[in-house]
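Listed below, chain by chain, are the residues.
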Amino acid sequence: LQLKMNTHDLLIEIGTEELPPKALTTLANALADGVVRRLHEAGLPPQGHTVYAAPRRLAVLVQGLAERQPDREIERRGPAVNAAFDGEGRPSKALEGFARSCGVSVNELEELATDKGAWMVYRAQQPGQSAQALIPAMLAQALDELPIPKRMRWGAGETAFVRPLHWIVLLFGSEVIDAEIYDIQTGRMTRGHRFHHPEPLSVPAPGDYAVLLESTGHVVADFATRRAMIRAQVESAATELGGHAVLDDDLLDEVAALTEWPRVVTGNFEPRFLDVPKEALISTMQGNQRYFPLLDAAGKLLPHFITVANIDSRDPASVRQGNERVIRPRFSDAEFFWREDRKQPLSANLESLKSVVFQQKLGTQFDKTERVVRLARHIAVLTGADMELSARAALLAKCDLMSGMVGEFPELQGIMGRYLATHDGEHADVAQALDEVYMPRRAGDELPATAVGQTLALAERLDTLVGIFAIGQGPTGAKDPFALRRAALGVLRILI
């Protein structure tokens, strides 16, 4: 019966204010999973589904959904046969109560014999419900279950969601499933780009959705398609500028989650800023401005950047100038901190480490530094590293934490230590070790390449591991505030 039944596509679109970019794909996938799981549980397995996610919409296209559930046979087991009738064959009160609960007379019950005994049973055919009748409740439940840490309310109502809702499209085949969900009346009207096509767009059928939005609404609804478009546009623009772009995967994801109609814009900055360590410029371009930096063939930073607008501008020059104007003060800040940090040697920051607590029971960062110096001397014997260079690197390892650059760009700890130590004329192995002490920074990251770097990385991690475990602050199943698991894995990888 199920095979012969007509099937249709189902389109669900939730239209909102701009959604949090880093949560966009998680929310879209959770919505699709919640709806599809409920369809399976209801005996309405779809042939497939497609997830759409853009800044102002979460959508799922479910393909090949049956019009109604298959009829089901219900079987309810009642009292055992030997307890269902008295000695004269009259039904017992238990049997009569069971029949009433099933809405039938005793005569309509059947007997079921098994190898474990015989029971009275009720059997009936339950006709399947229509998909259209079931879907609104499924959608509401899936929306309730979305992983939203903190829901917001808007207007005078009590409805709460991740962002204010404006419309809900709910189409089964070419028909609207009429319902009210989260105080929004469902329909077939979606909306295009906020500026290119703010007028409502009527979706004739689910399969028309993505094509209609892109061709008329100036919205690329598919996240992966937008991400690929951005990558291709950025790579093309980088080639025209004579370099290649730094394409960070997380940044690509974020920019794709911020744009519905991505359009690349290039910009320039003063070459004098290239005297600042490139990692600081790249960090502020990526983290603060969501720009893609450019490198030349030798890996040197170029005085250009690429950004992605969410509109076909009538005046691209103004967009470029605006972005150039915004980046300049950020680079000026980095330039200032870099200039100030070089006015005194890195070792001058040692004294200020006495005011920074590492852990209350384990003392300050200065106390930790003294321990790591002694430990590095010992480990250098085992690794074959130069003992004095290892001790010098251990002495300076935390000094860049007190620099203005690391204060402004915390993610550059170690990297700035290397730059500042090199500027001070420290031994190359010492400078390199100040960066390598943090390696591996994450799973799969590169390991320290020099013997001094390996020695310092081991000493730093082992001091933390032994110290934190010694005071009874080891990690739990839920918390690992000192990243001891990562430290232990780093030790093992370096040793291996």
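Residues numbered from 1 in each chain as written. Predicted model: local features only at pLDDT ≥ 70, side-chain atom pairs only at ≥ 80, totals over all residues. Heavy atoms only, no water.

Undergrad: Account for the packing of helix 13 (residues 415-424) against helix 14 (residues 428-436), with residues named and values stated.
TA: Here helix 13 crosses helix 14 at 165 degrees, and the two axes come no closer than 7 Å. Our classification of the angle between helix 13 and helix 14 gives roughly antiparallel. For the pair helix 13 and helix 14, the crossing hand works out as right-handed. For the pair formed by helix 13 and helix 14, the contact residues are Ile-415, Gly-417, Arg-418, Ala-421 and Thr-422 on the first element and Ala-431, Gln-432, Leu-434 and Asp-435 on the second. Considering only residue class, the contact of helix 13 with helix 14 consists of four nonpolar, three polar and two charged. (Axes fitted to C-alpha atoms, helices over the stretch in contact; angles between N-to-C directions. Helix = DSSP H or I, 4+ residues; strand = E, 2+ residues; numbered from the N terminus. Parallel < 35°, antiparallel > 145°, perpendicular 65-115°, else oblique. Left-handed = near helix turned anticlockwise from the far one by under 90°. Contact = heavy atoms within 4.5 Å. Nonpolar A, V, L, I, M, F, W, Y, C, P; charged D, E, K, R; others polar.)

Undergrad: So what's going on with the pattern of salt bridges? Residues and values would help.
TA: Scanning the model with the defined rule gives 33 salt bridges in all. Notably, a salt bridge pairs Glu-335 with Arg-272, separated by 2.7 Å at the nearest N-O pair. Of the two residues, Glu-335 is situated in helix 9 (residues 316-341) and Arg-272 in the loop between strand 16 (263-268) and helix 8 (278-287); the sequence distance between them amounts to 63 residues. Residue classification places Arg-272 among the partly exposed positions, given a relative accessible area of 42%. Taken together, the shared-partner salt bridges in this structure form one network comprising Arg-227, Arg-231, Glu-235, Asp-249 and Asp-253. (Salt bridge = Lys/Arg side-chain N within 4 Å of Asp/Glu carboxyl O. Buried < 20%, exposed > 50% of the residue type's maximum accessible area, 1.4 Å probe, protein only.)

Undergrad: Lay out helix 13 with the relevant residues and their values.
TA: Inspection of helix 13 places Ile-415, Met-416, Gly-417, Arg-418, Leu-420 and Ala-421 among the buried residues, and these make up the whole buried set. Looking at the residues trailing helix 13, positive phi occurs at Gly-425, about 85 degrees.

Undergrad: Which residues make up the pairing of strand 17 (residues 292-295), and what are the values?
TA: The alternating pattern of strand 17 places Phe-292 and Leu-294 on one face and Pro-293 and Leu-295 on the opposite face, and all of these are buried. Here two bridges tie strand 15 (residues 244-245) to strand 17, and the two strands are oriented antiparallel to one another. Its bridge partner being in strand 17, Ala-245 is matched across the sheet by Leu-294. Strand direction decides the pairing type here: strand 17 and strand 18 (residues 301-309), joined by three bridges, are antiparallel. Residue pairing across strands places Pro-293 opposite Phe-305, the latter belonging to strand 18. (Pairing = 2+ DSSP bridges.)

On their own, these measurements won't tell you what the molecule is for.
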